[in-house]
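Per-entry structural report
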Amino acid sequence: AAGFEPARLNTCFTIAANDLQRDLLLPPLLRRLREQAPGVTLRVIKSGAPGPALLRDEVCQLIITPRPPQGSDILQKRLFEDRYGVFYDASQRAAPDSREAYLAANHVTVLYEPRRALDIDQWMQGQGLARRFVASVPGMAALGSMLRGSDWLATAPSLLARHSLRGLAMAPVPLATPPMPMYQVWHLRHHSDPVHQWLRTALEQVAREVQPDPAGASAPSA
């Protein structure tokens, strides 16, 4: 540990992440890592709804997810918290200005795995809030192509406005919805490893730089 020098590191990190985390965090993370360690490369795999086997079986060294898997040998740390916004094509419709208008609209959502809805969709279902879904797509990055040219809505993390949903309008959800947390998750075997500590510290620094606006989705944007 005392002799760890990033500049001499020659390794590939495997990180499991879905498209929101992948697009928001991993490009700046890799740039940051390679500034100190030019020999570092990155492999990104889909996390889906991640289970502890990803870490226990060393499929990856790190998971970035809003749903950390549980286990006595699984460790986690919160990176940031985001609010949900309602995305829509402003050339086709206005923002839903009431709970009733929101619930009456047609919606598009994400389904990473069969019968495993997004946390926000599960929460709304638990509140007895029924929405009409016209489509589900396998990732956040696919929402934009479904929304453009339609009058449909998508309820998604506000940080998507910075990349895959850039150019669409975003308004507050006309409901008091819970926030979406984001965690980095690793196995106990790596906790004291200086290389892994360096990786986690770099990710925390990147997460601070891309923190969502404290106001969240408090104002419409185009």
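Read on for an overview of the structure. (Residues numbered from 1 in each chain as written. Predicted model: local features only at pLDDT ≥ 70, side-chain atom pairs only at ≥ 80, totals over all residues. Heavy atoms only, no water.)

**So, the overall build of the chain**
- Along its length, the chain carries six helices and ten strands.
- In terms of C-alpha radius of gyration, the chain reaches 19 Å, essentially the compact-globule figure of 17 Å for 222 residues.
- Counting only C-alpha atoms and orienting by the principal axes, one finds that the chain spans roughly 60 × 35 × 25 Å.
- Burial analysis of the chain (222 residues in total) assigns 49% to the buried set.
- Looking at the chain alone, contacts between residues at least 24 apart form 78% of all its contacts between residues at least 6 apart.
- A gap of 2 Å separates the mean positions of the 24 positive and 20 negative side-chain charges of the chain. (Helix = DSSP H or I, 4+ residues; strand = E, 2+ residues; numbered from the N terminus. Rg over C-alpha atoms; globule rule 2.2 N^0.38 Å. Buried < 20%, exposed > 50% of the residue type's maximum accessible area, 1.4 Å probe, protein only. Contact = heavy atoms within 4.5 Å. Lys, Arg positive; Asp, Glu negative; His and termini not counted. Charge placed at Lys NZ, Arg CZ, Asp CG, Glu CD.)

**Section: the nonpolar core**
- Membership of the largest hydrophobic core comes to 56 residues, with the highest contact counts inside it found for F13, L25, L29, L33, I64, F80 and L143.
- L55, C60, I74 and Y183 belong to the second largest nonpolar core, which has nine residues in total. (Core = buried A, V, L, I, M, F, W, Y, C linked by side-chain atoms within 4.5 Å.)

**Examining helix α6 (residues 194-209)**
- Here α6 is 16 residues long and its end C-alpha atoms lie 23 Å apart, about the 22 Å a rise of 1.5 Å per residue gives.
- Inspection of α6 places V195, H196, W198, L199, R200, A202, L203, E204, V206 and A207 among the buried residues, and these make up the whole buried set.
- Put simply, D193 is the residue that caps the front of α6, since its side-chain oxygen is 3.1 Å from the backbone nitrogen of V195. (Expected span 1.5 Å × (residues − 1). Polar contact = N/O pair within 3.5 Å; in protein donor to acceptor, adjacent residues only side chain to side chain.)

**A closer look at the sheet that holds strand β4 (residues 74-82)**
- Spatial strand order, β2-β1-β3-β10-β4: five strands in an open sheet with mixed pairing. This sheet does not close on itself; its edge strands, each paired only once, are β2 (41-45) and β4. Neighbour to neighbour, the strand axes of the sheet diverge by 20 degrees on average, direction disregarded.
- In terms of strand pairing, strand β3 (residues 62-65) meets strand β10 (residues 180-187) through three bridges, oriented antiparallel. Among the inter-strand pairings, I63 is bridged to a residue of β10, identified as V185.
- Across the sheet, helix α1 (residues 19-36) touches β1 (12-17), β2, β3, β4 and β10, and the angle it forms with β1 is around 160 degrees. (Pairing = 2+ DSSP bridges. Axes fitted to C-alpha atoms, helices over the stretch in contact; angles between N-to-C directions.)

**A short note on the pattern of salt bridges**
- Applying the stated rule across the entire model yields seven salt bridges.
- Put simply, R67 and D119 hold a salt bridge, and the shortest N to O gap is 2.5 Å. You can see R67 sitting in the loop between β3 and β4 and its partner D119 sitting in helix α4 (residues 119-126), a full 52 residues away along the chain.
- Owing to a relative accessible area of 16%, R67 belongs among the buried residues under this scheme.
- Two residues, E81 and R78, come together in a salt bridge whose shortest N-O distance is 2.6 Å.
- We classify R78 as partly exposed; its relative accessible area is 43%. (Salt bridge = Lys/Arg side-chain N within 4 Å of Asp/Glu carboxyl O.)

**Concerning the side chain of H190**
- Mapped onto the elements, H190 comes out in the loop between β10 and α6.
- Sequence-distant contacts of H190, that is, excluding residues within four places in its chain, are made with E58, Q61, H196 and R200.

**Quick notes on the packing of aromatic side chains**
- In this structure the tally under the stated criterion is two aromatic pairs.
- Centroid distance F4 to W198: 5.9 Å. Interplanar angle 70 degrees. Geometry classified as edge-to-face. Remark: W198 occurs in helix α6 and F4 occurs in the segment before β1; sequence separation between them is 194 residues.
- Taking relative accessible area as the criterion, W198 reaches 12% and is therefore assigned buried. (Phe/Tyr/Trp six-rings, centres within 6.5 Å; stacked < 30°, edge-to-face > 60°.)

**Thoughts on the packing of α1 against α6**
- Where α1 meets α6, the closest approach of the two axes is 9 Å, and the angle between their N-to-C directions is 130 degrees. Judged by the inter-axis angle, α1 sits oblique to α6. Judged by the twist between their axes, the crossing of α1 over α6 is right-handed. Only W198, L199, A202, L203, Q205, V206, A207 and E209 of α6 make contact with α1, whose side of the interface consists of L25, P28, L29, R32, L33 and Q36.
- Split into classes, the residues belonging to the contact of α1 with α6 amount to ten nonpolar, two polar and two charged. (Parallel < 35°, antiparallel > 145°, perpendicular 65-115°, else oblique. Left-handed = near helix turned anticlockwise from the far one by under 90°. Nonpolar A, V, L, I, M, F, W, Y, C, P; charged D, E, K, R; others polar.)

**Some points on α1**
- Between its first and last C-alpha, α1 extends 26 Å over 18 residues, near the 26 Å set by a 1.5 Å rise per residue.
- Approximately 40 degrees is the largest bend angle found in α1, and it occurs at L25, with the proline P27 only one to four residues beyond.
- Residues D19, L20, Q21, L24, L25, L26, P28, L29, R32 and L33 constitute the buried set of α1. (Bend = angle between axes of the 7 residues up to and from the residue.)

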